[in-house]
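Inside the fold
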Amino acid sequence: MTRDVLLSDKQEWVGTWWQPEDPAQKVSGVLTFDPESGAELRLIGGWEYDLRVPDGDGPISLGGQTRDWPVILGAVSDGRRVTLLDVQLKTARTTYNQLKEVDGPDVLHLHPATVLIGCHLRGEGDAVFVAGAVTAENLTGWSARTGIGGQHRFGKDDTKRSGEITIRRLPAIVAESSTVTVKLHHVSSQPFTVNSRAERVSRVREHASVEFIASAPQPLGYYTNLAASVVDLLSLSAMRACGLIQFRVYLAPTPDRYPEGSPYAQMRTQVDVFQRMVVAAEPEEPAEAFEDFVLTVNDEPFETLMPRWLEVREKFSAARSMILGLQYVPGGYLENRVITAVSAAEAMHRALQPEPPIPKAEFKDLRAKILALSPLRKQWLSERFSEHANVPNLRERLINLAERVGPAGSLLVGDIGGWAKTATGARNKIAHVGTSPQALTELRAVADTTAGVVVLNLLHELGVPNDRLVTAVQQNPVLRRTAGLAKTAFTVDG
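All values reported here derive from a predicted model rather than from experimental measurement. (Residues numbered from 1 in each chain as written. Predicted model: local features only at pLDDT ≥ 70, side-chain atom pairs only at ≥ 80, totals over all residues. Heavy atoms only, no water.)

Another aspect to go through is the overall build of the protein chain. Scanning the protein chain for helices and strands turns up 13 helices and 18 strands. Looking at the protein chain as a whole, 43% of its 494 residues are labelled buried. Sequence separation of 24 or more characterises 67% of the internal contacts of the protein chain that already satisfy a separation of 6 or more. Approximately 26,600 Å² of the protein chain is accessible, and the part contributed by carbon and sulfur atoms is 51%. (Helix = DSSP H or I, 4+ residues; strand = E, 2+ residues; numbered from the N terminus. Buried < 20%, exposed > 50% of the residue type's maximum accessible area, 1.4 Å probe, protein only. Contact = heavy atoms within 4.5 Å. Areas by Shrake-Rupley, 256 points an atom, 1.4 Å probe, with all protein chains shown as cover.)

When the terminal C-alpha atoms of helix 11 (residues 440-461) are compared, their 32 Å separation across 22 residues agrees well with the 32 Å that a helix rising 1.5 Å per residue should span. Most of helix 11 sits inside the fold, with 16 of its 22 residues counted as buried. Note on helix 11: the residue one or two positions beyond its end, Gly-463, has a positive phi of about 90 degrees. (Expected span 1.5 Å × (residues − 1).)

This next bit is on the nonpolar core. Ranked by size, the top nonpolar core spans 124 residues in total, and within it Trp-17, Leu-116, Phe-129, Phe-247, Met-306 and Trp-419 carry the most contacts. Residues contacting Met-306, with those up to four places away along its chain left out, are Ala-175, Val-182, Phe-212, Ser-229, Val-230 and Leu-233. (Core = buried A, V, L, I, M, F, W, Y, C linked by side-chain atoms within 4.5 Å.)

Once that is clear, we can look at unusual backbone geometry. One non-glycine residue, Asp-86, adopts positive backbone phi at about 50 degrees. By the secondary structure assignment, Asp-86 is in strand 7 (residues 81-93). If you check the backbone angles, Met-239 has positive phi at about 60 degrees while not being a glycine. Among the secondary structure elements, Met-239 is positioned in the loop between helix 2 (220-238) and strand 17 (244-251). Take Met-239: its relative accessible area is 10%, and that puts it in the buried class.

Turning our attention to the environment of Gly-221. Within the secondary structure layout, Gly-221 lies in helix 2. On a C-alpha basis, the gap between Gly-221 and Gly-125 in space is 7.6 Å, while along the polypeptide they are 96 residues apart.

Moving on, we get to the pattern of salt bridges. Scanning all chains against the criterion turns up 15 salt bridges. Across the pair Arg-350 and Glu-346 runs a salt bridge whose closest N-O atoms are separated by 3.5 Å. With Arg-350 and Glu-346 both in helix 5 (residues 334-351) and four residues apart, this pair spans about one turn of that helix. Among the residues examined, Arg-350 registers a relative accessible area of 47% and is labelled partly exposed. (Salt bridge = Lys/Arg side-chain N within 4 Å of Asp/Glu carboxyl O.)

Attention shifts here to helix 12 (residues 466-475). Side chains three or four residues apart in an α-helix point the same way, a direct result of the helix having 3.6 residues per turn. Turning to helix 12, its buried residues number three or more, namely Arg-468, Leu-469, Val-470, Ala-472 and Val-473. Turning to helix 12, the residues buried within the fold contact helix 9 (407-413), helix 11 and helix 13 (477-489).

A grouping of Tyr-258, Tyr-264 and Met-267 is seen on the molecular surface, where their side chains present a nonpolar patch of about 310 Å² in accessible area. Within the fold, Met-267 resides in the loop between strand 17 and strand 18 (269-275). Classification of Met-267 by relative accessible area gives partly exposed; the value is 47%. (Patch = residues over 30% accessible without salt bridge, like charges linked within 9 Å, V, L, I, M, F, W, Y side chains within 5 Å.)

Next comes the structure, spelled out in structure tokens:
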């Protein structure tokens, strides 16, 4: 893993910059990236930033409104091309006097949403990338693979006398979906030795990465979504937010640029992508304990897990985004967490497309009879007895979600009926009244338990067997703590 392209590190590039429609007007400046605040381009000079509209006597300003730039291009001092996407004005300064030799601002500070080091794009939708690759927090541990081995020889007193470390390169694991090939790579470095005045220490590094190869060139957003899918899967598996460490996309090889037989002819052009992430990665922090994961490739082979996850992630996108959002943005008002968790559960159940409580033909006949009873209120009744009324209520949805994951649901929730009644009441009171009579501990139990039930259902959809779900509730610290909280918060519903 190259140290100079981590999203957790600050970066700086010096170069010249221009607008795509006016490449002759180049401006010098410094581009920086900070994982906390994102990218900033500080120009010495710049371009007109007031938003103007055509007029008979020339363009006129729109009263202080400023423009933005979909694309800005650049070239940094080492010769690499740079594309900045979705660039907003941050600050600007312009002076007017007789000493100034050129028009335009003195300085212009811009805020790009995305930085691509290694290419020029015409726009965000430019479909030119043939592959993408990511590394993320806890990916190496989650992959359950290592190429580091060795053996020790012992003396007569059973103390270690000598030994050796072996390093082997592991082949990529390949998963095929209908639209993309996914590869789980294992990367290791040769041992290097660090000498100090006290000792000599040899070290070896290894990490895992995930590569996506599309069947046809795709725009950046395609790979951004796939990168997010890796982070989502790891966050689900670890029950904590995992950040993106590296993000790269690749252009197709350009063999015509190299002599015949050149080893570079089939080499893809690497483009490093920098974006401010919701979760800032901390790659040097300790990894999650392997036994704390609720899902690893030991539970489901990568070849089947990754394609299945891409399907599950899309099918349950609303529930997935809400429930993982509670991890990505922790804290906040407890009432918001309750609404989000219960809404995620409801969205999860809707996506399962359960059968209606009343058969469709019977409901249609019943509706017609009810509407006929009161012709004066037919419109009012019609709106309330639409086909959308023939669905399970929230309490029934929650009970079904907890029961469909088997013993793990009971182990996590305790009294399923009591939890469903409390969660329904809390959600309805907060959403429709604005307050909830429940104590803070009970609201916390509703939010955490409901989120846990959604997680178990996502794992269930991935094919994780019931006994593994039980183990997850028993071993994972978050689920284990939630089960304890639920046991004291929800009373038996008689």
